[in-house]
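Now for the letters of each chain:
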Amino acid sequence: MEKDDLRQLAFDLDADFFGVADLHPFRDYPVLPPGLLDPYQRAISLGVALARDVIDGLVDGPTPLYSHHYSTVNAHLDRVALQLTRAIQKKGRRALPIPASQTLDQEKWMGAISHKAVARIAGLGWQGKSLLLVNPVVGPRLRLVTIFTDLELPFDTPLANRCGKCEECVKACPAGAIKGKPFGQGYSDRSEAWDAQACTAKLINDFGRRPEVTPLICGLCIKACPFGRGHKEY
């Protein structure tokens with residue numbers, strides 16, 4: 001199956017962004033379970049933009065509207081990933097969809113793999129100081145899903161980091177969890193950039209107690225990013 005065919009199918013199914021990552025850089029990357037990547041050569045990264053007005057409506061934390069919208073977009077991404085997986089399998093090749101939002105390690109706050117890291121390698125954006133993927137058009141106002149495949153698709157090129165000296169996400173974080181360290185080519189450990197314990201404590205002890213707000217989300221660093229704020233292209 002050709003890359004252009006998969007891209008067109010993704011867009012026909014209402015994905016907004018499509019990229020392909022070489023999985024070689026992830027061979028020593030933490031994945032759950034270990035060995036998950038062994039049968040695959042590529043990862044397809046798909047993105048769907050969050051509704052601009054939903055994000056703009058955040059003031060001091062997550063709202064019931066954002067909570068519902070977040071879950072709806074994740075479910076949509078899972079459906080798109082399922083359809084691409086089925087299309088690949090019908091051609092006799094392997095494909096594994098990784099859920100858009102699934103925490104497998106509650107202590108480290110990890111899923112099977114970082115969708116953000118895959119999307120960065122697939123050229124959909126760069127990881128900002130918040131560690132969120134920042135797309136040049138919609139900023140971090142998007143959700144992501146990943147499909148592993150044994151198709152040897154041409155892979156895309158990562159984009160240069162454009163955060164510069166901006167620290168809007170650092171200032172907006174109500175937990176003080178974003179440390180403001182430029183991403184560059186990555187970190188030896190994400191704790192260099194982000195305090196997971198401070199973030200999750202804020203989510204559990206404050207935002208998680210708000211009625212009609214599930215799962216544990218915030219959104220304030222997403223809203224604060226200049227990329228995506230005010231853009232009319234989506």
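Anything mentioned here points back to the structure above.
A quick note: this is a predicted structure, and the numbers were derived from the prediction, not measured. (Residues numbered from 1 in each chain as written. Predicted model: local features only at pLDDT ≥ 70, side-chain atom pairs only at ≥ 80, totals over all residues. Heavy atoms only, no water.)

Draft legend 1. Up close: the nonpolar core. In terms of nonpolar packing, the biggest core is built from 44 residues, with Leu-6, Phe-18, Ile-44, Leu-46, Tyr-66 and Leu-84 touching the most fellow members. Counting residues per element, this core draws most heavily on helix α3 (residues 64–90), at eight residues. Filtering out sequence-adjacent residues up to four positions away, Leu-46 remains in contact with Ala-10, Phe-17, Phe-18, Leu-77, Val-80, Ala-81, Leu-84, Arg-143, Leu-144, Val-145 and Ile-147. Leu-23, Leu-37, Ile-98 and Ala-122 belong to the second-largest nonpolar core, a separate cluster that totals 16 residues. (Core = buried A, V, L, I, M, F, W, Y, C linked by side-chain atoms within 4.5 Å. Buried < 20%, exposed > 50% of the residue type's maximum accessible area, 1.4 Å probe, protein only. Helix = DSSP H or I, 4+ residues; strand = E, 2+ residues; numbered from the N terminus. Contact = heavy atoms within 4.5 Å.)

Draft legend 2. Seen up close, the sheet that holds strand β1 (residues 17–22). Overall, antiparallel pairing links the four strands, which are arranged β1-β2-β6-β3 in an open sheet. Looking along the sheet, the strands with just one partner apiece sit at the ends: β1 and β3 (95–98). For this sheet the average axis-to-axis angle between neighbouring strands, irrespective of direction, equals 25°. Pairing geometry for β1 and strand β2 (residues 42–49), over six bridges, is antiparallel. Residue pairing for β2: Ala-21 is matched across the bridge by Ala-43. Where helix α1 (residues 3–12) meets the sheet, it contacts β1 and β2, and its direction lies at approximately 140° from that of β1. (Pairing = 2+ DSSP bridges. Axes fitted to C-alpha atoms, helices over the stretch in contact; angles between N-to-C directions.)

Draft legend 3. Representation of unusual backbone geometry in the model. Each neighbour pair has its own omega, and for Leu-32 with Pro-33 the value is -5°, a cis peptide bond. Residues Thr-214 and Pro-215 are joined by a peptide bond in cis, for which omega reads 0°. With respect to the secondary-structure elements, Pro-215 resides in the loop between α6 (196–205) and α7 (220–224). Even without glycine at this site, Asp-14 takes up a positive phi of about 75°. Along the chain, the position of Asp-14 falls in the loop between α1 and β1. Of note, Leu-131 is a non-glycine position whose phi angle comes to about 75°, a positive value.

Draft legend 4. Up close: the packing of aromatic side chains. What the rule picks out here adds up to four aromatic pairs. An angle of 75° between the planes, with centres 5.2 Å apart, marks the rings of Phe-26 and Tyr-29 as edge-to-face. With a centroid separation of 6.0 Å and an interplanar angle of 75°, the aromatic rings of Tyr-66 and Tyr-70 are classed as edge-to-face. Remark: Tyr-70 and Tyr-66 occur in helix α3; sequence separation between them is four residues, near one turn of the helix. (Phe/Tyr/Trp six-rings, centres within 6.5 Å; stacked < 30°, edge-to-face > 60°.)

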